[in-house]
Amino acid sequence: MSIELLAPGGSYDSVIAAFNAGADAVYTGGDLFGARANAQNLTLEELYSAIDYAHLFGRKIYLTINTLIKQKEIEEKLYNYLLPLYEYGLDAVIVQDIGVLLFVKENFPGLHIHASTQMTITGKLTVKELEQLGVSRIVTPRELSINEIRKIHDISNIEIESFVHGALCYCYSGQCFMSSYIGGRSGNRGQCAQPCRMEYDIIKDGNILNEGNNKYVLSPKDICTLRILPDIIESGVCSLKIEGRMKKPEYVAGVVSIYRKYIDRYIKNKEKYDVDEKDIKLLADLFNRNGFSESYYYKHNGADMISLKKPVFRTENTEFVQFLKENYGGERKKFLLDISVVIEKDKPIELRTFIDEEFIVLQGEKPLIAENRPITEEIVRKQMSKLGNTNFEVQNMNIILSEDVFVQVRYLNQLRRDFIEKIKECILSKKRRKRVEQKKYTKVRYYNDEFSIYVLISNLKQFNSVLKNKYVKRIYVEEYAVQKNDVFELIKKGHEEKKELFLAMPYIFRENDKRTFDKKYEDDFLKFDGFLIRNIEQYYYLKSKGLEKNCVFDYNVYTYNSIAKDYFISNKIATTIPLELNYRELKDRGCEKEEFIVYGYMPVMTSAGCGLKTCRQCDGKSTTYEIRDRLNNKFTTKCVCNYCYNIMYNCKPLSLLGYGKEIKSLNPEIIRLNYTFENEKQVRDSLEKYINVFIDNHKLTDNTDSTRGHFKRGVL
């Protein structure tokens, strides 16, 4: 595959600057459904113009619809939003939501679908399934290593797109709820308030570990991969992606121009590839957070990847910025034409050119017989070359002109304008598509036969607290709470009490994690009654072992709309209701045959980064620590050292105790309580209250320091 340089386009000016600077493609957003809702974004007319500019010069435009989409949005807005762009020739859409993926595939045939980094695609099994679903490209999580990307490339023909420059999220993309829970601005909806860029203390055993001004412990440095660009390309990445839809056009142009230089250098002679430190300095002048890192390509995590201190004020490199404005701003690219102008006596005037193995011809009226001053070749050349306000420029002009003929200058000008429009239309029409009628989707209605209570526990003391409760039908056991020697006894005790025992899988599941999991359990995990899935790769891993019938997707394998929900349920996969929809939105979507989480300290971040390692205090013992914000909120964080990731939990537990009537009216099949840090008494007392409300139909209110999550307010 050829190497594509993919640039961000947060505004129309940025899109144009990116192409002028050498981008092969630009990803940009419109009015709806983009993961950068606060970028300037493009109007429909600007998107049309951007597509024209791209296609005129053999480039591409990808539209971001990489957010989770609610029921009414997918029913009432998505088709009408995409249809005009589909007809106009949009090259691809970038999607996060499986429901959107299926919708686009069904309604817009031939439109390329790129699976967003927000999908958290951590392994080759998921990639193979997405390829079967019609996805043409995946955008890898930033956390994947060179070796992991290479393994994906080796088993699939799918295109691979990976980030090479720009801002780096602390959390795995698609798994961050911090902005959502704190302020109602969801990263899954393009509204992230970037709380990771704020100040925090890391506290363990009452001691602050990040001393002095090292408060930016969740703020990664921007990435710059110029030095390892050949390794990334040779791992199988075909699209090198620059982050920055919130950045100015000068930033986009500067980064693109430098990466263009080094991609071309690699293509010309990869054996002599080297990087000039002056170019690294220019990139740093445009933007950096206390230096750069090379992302996770060769490192799982580390303190040197984190900014720690507040980025210092950068004195603008005014000379470089001015150079970028002067050389890359505005629609300055020109399509070079070789044209012939034929003005012969008694024949229609003819303009013609040859583009992409096709003759484009425009005929006009016959010229007049000159009575006084015949038209000259000089006049014809001058008038036909006046293309200043267009994207075209005459490179060569062949003129065949009879003697003693006359053509009015204004008529020549009109012919020129008509000819240029015809050339433009001939070039661009090849990308246009025919209108498609929307496929009618019927929401599947389900009926629940019974109502049950399930419980998730995070340690074995909690297990003992719920084991003998007659109302608990299933117990999910966090994987990190289980040792190999525990499996037989746990399942034996559970089955004696007529409980199903499901293993709650890790939140992240990469290639090394599969080996860790296999080594820990060998075949003992087969003894569990089923599995709670937190990452889609786990499902296909278990499916390869014939265990797909006993899987439940947790809340973070998203089913925001009924298309996604029905797809999974039709494939006999149980699902959990997402946590960011409010009551009305859940009613629109439908909650039958699903699990509804009504209590628990919910994760706000799942990260490859580790706060203890950032403070050089990692002991590898799967301990916990606290992250404290400026308002003294404390977020307990669990180190899952076997798989080397952190789970940061919300500072308050979700509690929907007072909404029993509303939740039951939604008709979920199960309510679930997630226990993390609660002691045995707290577990028993809490469980009893929820049984009183959801089984005995009592009305209770929760007066504890808890949160109602998004059940009432929802997210934008």
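The structure reproduced in this document is the subject of the present report. (Residues numbered from 1 in each chain as written. Predicted model: local features only at pLDDT ≥ 70, side-chain atom pairs only at ≥ 80, totals over all residues. Heavy atoms only, no water.)

1. Quick word on the overall build of the protein
Here is step 1 of the chain: When helices and strands are counted, the protein shows 23 helices and 33 strands.
Here is step 2 of the chain: Whereas a compact globule of 716 residues would reach a radius of gyration of roughly 27 Å, the protein reaches 30 Å, a difference of no more than 12%.
Here is step 3 of the chain: A principal-axis box enclosing the C-alpha atoms of the protein has dimensions of 110 × 55 × 45 Å.
Here is step 4 of the chain: Across the 716 residues in the protein, those meeting the buried criterion constitute 59%.
Here is step 5 of the chain: In the protein, once contacts between residues fewer than 6 apart in sequence are set aside, the share between residues at least 24 apart is 72%.
Here is step 6 of the chain: Within the structure as shown, the protein displays about 30,700 Å² of accessible surface, and the carbon and sulfur contribution to it stands at 46%. (Helix = DSSP H or I, 4+ residues; strand = E, 2+ residues; numbered from the N terminus. Rg over C-alpha atoms; globule rule 2.2 N^0.38 Å. Buried < 20%, exposed > 50% of the residue type's maximum accessible area, 1.4 Å probe, protein only. Contact = heavy atoms within 4.5 Å. Areas by Shrake-Rupley, 256 points an atom, 1.4 Å probe, with all protein chains shown as cover.)

2. Points about the packing of aromatic side chains
Here is step 1 of the chain: Tallied over the entire structure, the rule returns 35 aromatic pairs.
Here is step 2 of the chain: Between F553 and F568, the ring centres sit 4.9 Å apart and the planes meet at 75°, which makes this aromatic pair edge-to-face. Linking F553 in strand β25 (residues 551-553) with F568 in helix α19 (residues 562-570), this pair joins segments that are 15 residues apart in sequence. Assigned by exposure class, F553 and F568 land together as buried.
Here is step 3 of the chain: An aromatic cluster is present here, built from F509, F517, Y521, F525, F531 and Y541 joined pairwise through their rings.
Here is step 4 of the chain: One cation-aromatic arrangement involves R142 over F163; the distance from NZ or CZ to the ring centre is 3.7 Å.
Here is step 5 of the chain: Sitting over the ring of Y27, K241 keeps its end group 4.3 Å from the ring centre. (Phe/Tyr/Trp six-rings, centres within 6.5 Å; stacked < 30°, edge-to-face > 60°. Lys NZ or Arg CZ within 6 Å of the ring centre and 35° of its normal.)

3. Quick word on the packing of helix α6 (residues 124-132) against helix α7 (residues 146-155)
Here is step 1 of the chain: At a closest axis distance of 9 Å, the pairing of α6 and α7 adopts a crossing angle of 40°. The handedness of the crossing between α6 and α7 is right-handed. The residues of α7 that touch α6, namely those facing K124, V127 and K128, are K151, I152 and I155.
Here is step 2 of the chain: Classifying every residue of the contact of α6 with α7 by side-chain character gives 3 nonpolar, no polar and 3 charged. (Axes fitted to C-alpha atoms, helices over the stretch in contact; angles between N-to-C directions. Left-handed = near helix turned anticlockwise from the far one by under 90°. Nonpolar A, V, L, I, M, F, W, Y, C, P; charged D, E, K, R; others polar.)

4. What about the sheet that holds strand β30 (residues 634-640)?
Here is step 1 of the chain: Strand order in the open sheet formed by 6 strands is β9-β8-β29-β30-β31-β28, with antiparallel pairing between adjacent strands. Looking at which strands have only one partner, the edges of the open sheet turn out to be β9 (207-208) and β28 (603-607).
Here is step 2 of the chain: One ladder, built from 2 bridges, connects strand β8 (residues 201-204) with β9; its direction is antiparallel. Residue pairing for β9: I203 is matched across the bridge by I208. (Pairing = 2+ DSSP bridges.)

5. Remarks on the sheet that holds strand β16 (residues 350-355)
Here is step 1 of the chain: Within the open sheet, the 4 strands sit side by side as β17-β16-β15-β19. Their pairing is mixed. Strands with a single pairing partner mark the edges of an open sheet, and in this sheet they are β17 (358-363) and β19 (392-401). The sheet shows a mean angle of 20° between the axes of neighbouring strands, direction not considered.
Here is step 2 of the chain: Bridge count for strand β15 (residues 335-343) against β19 is 9 bridges, and the pairing is parallel. Residue pairing in the sheet places I343 in a bridge with L401 of β19.
Here is step 3 of the chain: In the packing of helix α14 (residues 409-429) onto the sheet, the strands contacted are β15, β16, β17 and β19, and the crossing angle to β17 comes to about 150°.

6. A closer look at helix α17 (residues 511-521)
Here is step 1 of the chain: Turning to α17, its buried residues are E511, D513, K514, F517, K520 and Y521.
Here is step 2 of the chain: Trailing α17 by a residue or two, E522 shows a phi angle of about 50°, which is positive.

7. Digging into the pattern of salt bridges
Pairing between side chains of opposite charge can happen when the charged atoms of each approach one another.
Here is step 1 of the chain: This model, assessed by the stated rule, comprises 46 salt bridges.
Here is step 2 of the chain: E497 is paired through a salt bridge with K468; the nearest N and O atoms lie 3.0 Å apart. Within this pair, whereas E497 is found in the loop between α16 (487-496) and β23 (500-504), its partner K468 is found in the loop between α15 (460-466) and β22 (472-478), the two being separated by 29 residues in sequence.
Here is step 3 of the chain: For E497, a relative accessible area of 27% corresponds to the partly exposed category.
Here is step 4 of the chain: K468 sits in the exposed class, given a relative accessible area of 63%.
Here is step 5 of the chain: In this structure, a network of salt bridges that share partners links the residues R474, E478, E500, R534, D554, E595 and R672. (Salt bridge = Lys/Arg side-chain N within 4 Å of Asp/Glu carboxyl O.)

8. Observations regarding the side chain of R510
Here is step 1 of the chain: Turning to its location among the elements, R510 is positioned in the loop between β23 and α17.
Here is step 2 of the chain: The class of R510 is buried, set by a relative accessible area of 6%.
Here is step 3 of the chain: Those residues within four positions of R510 in sequence are excluded, and the remaining contacts are T122, E143, L144, S145, E148, Y172 and H300.

9. What to know about the nonpolar core
Here is step 1 of the chain: By size, the foremost hydrophobic cluster in this structure holds 228 residues, and its most contacted members are I65, V93, F108, I138, L226 and L229.
Here is step 2 of the chain: At 10 residues, the largest contribution of residues to this core is made by helix α10 (residues 249-268).
Here is step 3 of the chain: The next biggest cluster of nonpolar side chains, apart from the first, holds 8 residues, and it includes Y476, F502, L532 and V552. (Core = buried A, V, L, I, M, F, W, Y, C linked by side-chain atoms within 4.5 Å.)

10. Re the pairing of strand β1 (residues 4-9)
Here is step 1 of the chain: A large share of β1 lies buried, amounting to 6 of its 6 residues.
Here is step 2 of the chain: Of the two faces of β1, the one lined by E4, L6 and P8 and the one lined by L5, A7 and G9 are each fully buried.
Here is step 3 of the chain: Bridge count between β1 and strand β12 (residues 239-242): 3 bridges; the pairing is parallel. Directly across from L5, in β12, lies its bridge partner L240.
Here is step 4 of the chain: The sheet contact formed by β1 and strand β2 (residues 25-28) spans 4 bridges and is parallel. In the sheet register, L6 faces β2, and the bridge partner there is A25.
Here is step 5 of the chain: Between β1 and its parallel partner β2, the chain crosses via helix α1 (residues 12-21), and the hand of that crossover is right-handed. (Right-handed = clockwise from strand over helix to strand, strands pointing away.)

11. Concerning the packing of α6 against helix α18 (residues 536-543)
Here is step 1 of the chain: In the contact formed by α6 and α18, the axes pass within 8 Å of each other and the chain directions differ by 90°. One way to sum up the angle between α6 and α18 is to call them roughly perpendicular. Note on element contacts: α18 touches α6 through I536, E537, Y540 and Y541, opposite K124, L125, T126 and E129.
Here is step 2 of the chain: Looking at the contact of α6 with α18, its residues break down into 4 nonpolar, 1 polar and 3 charged. (Parallel < 35°, antiparallel > 145°, perpendicular 65-115°, else oblique.)

12. Side note on the side chain of D222
Here is step 1 of the chain: Considering the arrangement of structural elements, one finds D222 in strand β11 (residues 222-224).
Here is step 2 of the chain: Among the polar contacts made by the side chain of D222, one reaches the side chain of R289 at a distance of 2.6 Å.
Here is step 3 of the chain: Ignoring sequence-local partners within four residues, the contact set of D222 consists of G166, A167, F287, R289, G291, F292 and S293. (Polar contact = N/O pair within 3.5 Å; in protein donor to acceptor, adjacent residues only side chain to side chain.)

Function-wise, these values are silent; they only describe arrangement.
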